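# Secondary and tertiary structure notes
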Amino acid sequence: MEPVEPGKNAAVAEPVLAPGHSFGSVTDQISAIVLTRGTGKKWMGGFAVAIALLLMLNFAITVLFAKGVGIWGINIPVGWGFAIVNFVWWIGIGHAGTLISAFLLLMRQQWRSSVNRFAEAMTIFAVACAGMFPLLHMGRPWLFYWLFPYPDTMTLWPQFRSPLVWDVFAVSTYATVSILFWFVGLIPDLATLRDRATTKIKQVVYGILSMGWRGSAKHWKRYETASLLLAGLATPLVVSVHTVVSFDFTIAIEPGWHSTIFPPYFVAGAIYSGFAMVLCLAIPLRKYYGLEDFVTLRHMDTMAKIMLATGWIVAYSYIMETFMAFYSGNPFDRYMIMNRMFGPYATVYWILIAANLVIPQLLWIKKMRRNMLTLFLLSLCVQTGMWLERFVIIITSLSRDFVPSSWGMYYPTRWDWMTFLGSIGLFFTLFYLFIRFLPMISIHEMRELVHKTEEEPAA
Amino acid sequence: MAGRRLYGLMAEFDTPEALLYAARAAREEGYRKFDAYSPFGIEGLAEAVGFPKTRLPVLVFFGGLFGCCGGFFMQWWANVIGYPLNIGGKPYDSWPAFIPITFELTILCAALTTVIGMIALNGLPAPYHPAFNVPRFALASRDHFFLLIEAEDPKFDPKETQEFLEALHAQEVSEVEA
């Protein structure tokens, strides 16, 4: 670290792009990862692990379809087991990607340029994992299309007042818009790959995907207008998606679910776990692909700070939830909180509090934010915490509701674990393919960043 | 190039500032049918080639409006007219419950209009464009900047335009086959 003058903000002085880069050098370095670097041994090793997990998922799903959801640990009263925990966890992870690409674009945060591409990829793959679970969770998954308004021969229509139907629209819109946003961002980079590819197959494939993009000034004008419009549309969308997910809970009268704090609490939690995932991906990526010039310590530091801030919004929600349980005078709510803290799932609750609230406070220390190993471990810790949070919300409320005669415990089976770990395999399989075949950093935005940093005289 | 029609003349520059200057100069000189190519969007370049405003936002507005009205109508028609269901004694037309999906469909239709509109207005996918006949044009997606004046421009003259472009300190001026 270079010394910084006293009174000067270190984060402002630090560059978002290492000095000495030109339009050509950023283009060459990023496109070389895809075009000339080849398939490395480490890539193959990681991909093999991911594929193995994916195969395990396929096995678990095959058995599930053959035997039904009875192989899972779900029962009555706990009808929402791991499937819904995983669904909420994955969709939350996706939120950071959209936030980086859309919200930070509107805020004109230049540092987003080097992280938005793989963060958006993360979003799409996380939504793919999330979208799978509600379908698997259905007793008759082949009838999933009943959720959509389609011309039915019996003139039946979906019940549009149901939050579960809202969820279908929110998640499918989110998946579509995320893919559109990602693809639009990729068009000029695909053209770069087309122009730089040396084999016929690559030229043809990237050529078709880039649709004949030639960088015309008129095209850029429409392109940039479109990017800005998409950002403006995606920002409220991302907030609405986790809000609708939280409606799945709040519309029910279950103690611990029926609460107005859920939408902001869920959105903050989503961003919290999402940034943790971005860091988890960025730290190994920049190391193994030598991208320290593009994804600098400043990025790491900024994202760690966002994690810390959203972590406190989540902490506030936990505190409010507990306070309201007592303040409301509602005996069921009060029992729900006491049951969470001291009931049969108390261990899970306290691990969640440690992983989500206590340990991440290390992020206040600058050295922790700048040591890649501790930051990586802290991100894993937050993701575990956020997964446990969804587990606690779903399982404790369902297992002990109003009437003691309807109480029951939930224990996950090995099929639950295989499906959960398998979804991580699906995510990483897709991610490995992405870093092998597409530029993981937006090349044209990096060129623009070079241009902007050239214009501004160095501070 | 024997026997092939001339599409235009292409000048190559190595900085965005040079291209911007050249585009403005070409406009002042009276050229109208020309385009500039760059590896990233340059502020002011679209205005310089005579394209100050795009209709895209208007299209997106109507796309969003369609999604909003259509989305609400779909739910209202299905749950009030098509197949009325009594849910917890609530009125059939319990419109606040229709808002989330109305919102999602507004965003969906607006986003689809944005992307399809951008691609269609740009005339993409374009499997062929004469500019690609210049081998060095491959650098337009790396670090070089190009100005292409079309032969169809009324002011175009192979010799004069070539001289004009060279006077702008173009690195290289090449003929583009149609």
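Now for a description of the structure that goes with this document.

Attention now goes to the pattern of salt bridges. All chains considered together, the criterion is met by 16 salt bridges over all chains. The shortest N-O distance in the salt bridge between Arg136(B) and Glu172(B) comes to 3.8 Å. Pair noted here: Arg136(B) is in the loop between helix H4 (99–121) and strand E3 (145–150) and Glu172(B) is in strand E4 (residues 172–177), with a separation of 36 residues, a long-range link. The salt bridge involving Arg142(B) is made with Asp143(B); its shortest N-O contact spans 3.0 Å. Shared partners join several salt bridges into a network, and the residues in it are Asp28(A), Arg196(A), Arg142(B) and Asp143(B).

With that out of the way, let us pick up helix H2 (residues 23–35) of chain A. Across its 13 residues, H2(A) extends 18 Å between first and last C-alpha, which sits within 8% of the 18 Å expected from 1.5 Å per residue. Among all positions in H2(A), only Phe23(A), Gly24(A), Val26(A), Thr27(A), Ile30(A), Ser31(A), Ile33(A), Val34(A) and Leu35(A) are buried.

All names here are of chain A. With their axes 8 Å apart at the nearest point, helix H6 (residues 163–196) and helix H7 (residues 200–210) run at an angle of 145° to one another. Taken as a pair, H6 and H7 cross one another with a handedness that is left-handed. Two secondary-structure elements touch here, H6 through Phe 183, Ile 187, Leu 190, Ala 191, Leu 193 and Arg 194 and H7 through Gln 203, Tyr 206, Gly 207, Leu 209 and Ser 210. Tallied by class, the residues present in the contact of H6 with H7 amount to 7 nonpolar, 3 polar and 1 charged.

Time to look at the sheet that holds E4(B). Residues and elements named next belong to chain B. Spatial strand order, E2-E3-E1-E4: 4 strands in an open sheet with antiparallel pairing. Edge positions in the open sheet fall to strand E2 (34–37) and E4, since each of these has one partner strand only. Taken pair by pair, the neighbouring strands of this sheet meet at an average axis angle of 20°, ignoring direction. Summarising the sheet, strand E1 (residues 6–13) and E4 pair through 6 bridges and their orientation is antiparallel. Bridge pairing in E4 places Leu 9 opposite Glu 175. Running over the sheet, helix H1 (residues 16–29) touches E1, E2 and E3 and is turned about 20° from E3.

What follows covers empty space enclosed by the protein. Gaps left between atoms show up when a probe the size of a water molecule is rolled over them. For the coordinates displayed, the defined rule picks out 4 cavities of 30 Å³ or more. Around the largest cavity, the lining comprises 16 residues; the ones closest to its centre are Trp213(A), Arg214(A), Gly215(A), Ala140(B) and Ser141(B). Broken down by element, the residue count for the lining of the largest cavity peaks at 5 residues, all from H6(A). Estimated volume of the second largest cavity: approximately 60 Å³.

On the side of chain B, 62 residues touch chain A, which itself brings 55 residues to the contact. Summed over both partners, the interface of chain A with chain B buries about 5,300 Å², with 70% contributed by carbon and sulfur atoms. Here chain A and chain B share 2 salt bridges between them. Note that Asp28(A) and Arg142(B) form a salt bridge whose closest N and O atoms lie 2.4 Å from each other. Where chain A touches chain B, the interface holds 22 residue pairs in polar contact (both at pLDDT 80 or more).

Conventions adopted
- Residues numbered from 1 in each chain as written.
- Chains lettered and ligands numbered in written order.
- Predicted model: local features only at pLDDT ≥ 70, side-chain atom pairs only at ≥ 80, totals over all residues.
- Heavy atoms only, no water.
- Salt bridge = Lys/Arg side-chain N within 4 Å of Asp/Glu carboxyl O.
- Helix = DSSP H or I, 4+ residues; strand = E, 2+ residues; numbered from the N terminus.
- Expected span 1.5 Å × (residues − 1).
- Buried < 20%, exposed > 50% of the residue type's maximum accessible area, 1.4 Å probe, protein only.
- Axes fitted to C-alpha atoms, helices over the stretch in contact; angles between N-to-C directions.
- Left-handed = near helix turned anticlockwise from the far one by under 90°.
- Contact = heavy atoms within 4.5 Å.
- Nonpolar A, V, L, I, M, F, W, Y, C, P; charged D, E, K, R; others polar.
- Pairing = 2+ DSSP bridges.
- 1 Å grid on protein atoms, 1.4 Å probe; cavity = no way out; pocket = protein on both sides within 12 Å on 5 of 7 lines; lining within 4 Å.
- Points joined across faces, edges and corners; volume = space filled by probe spheres on them.
- Buried area = accessible area lost by both parts, 1.4 Å probe.
- Polar contact = N/O pair within 3.5 Å; in protein donor to acceptor, adjacent residues only side chain to side chain.

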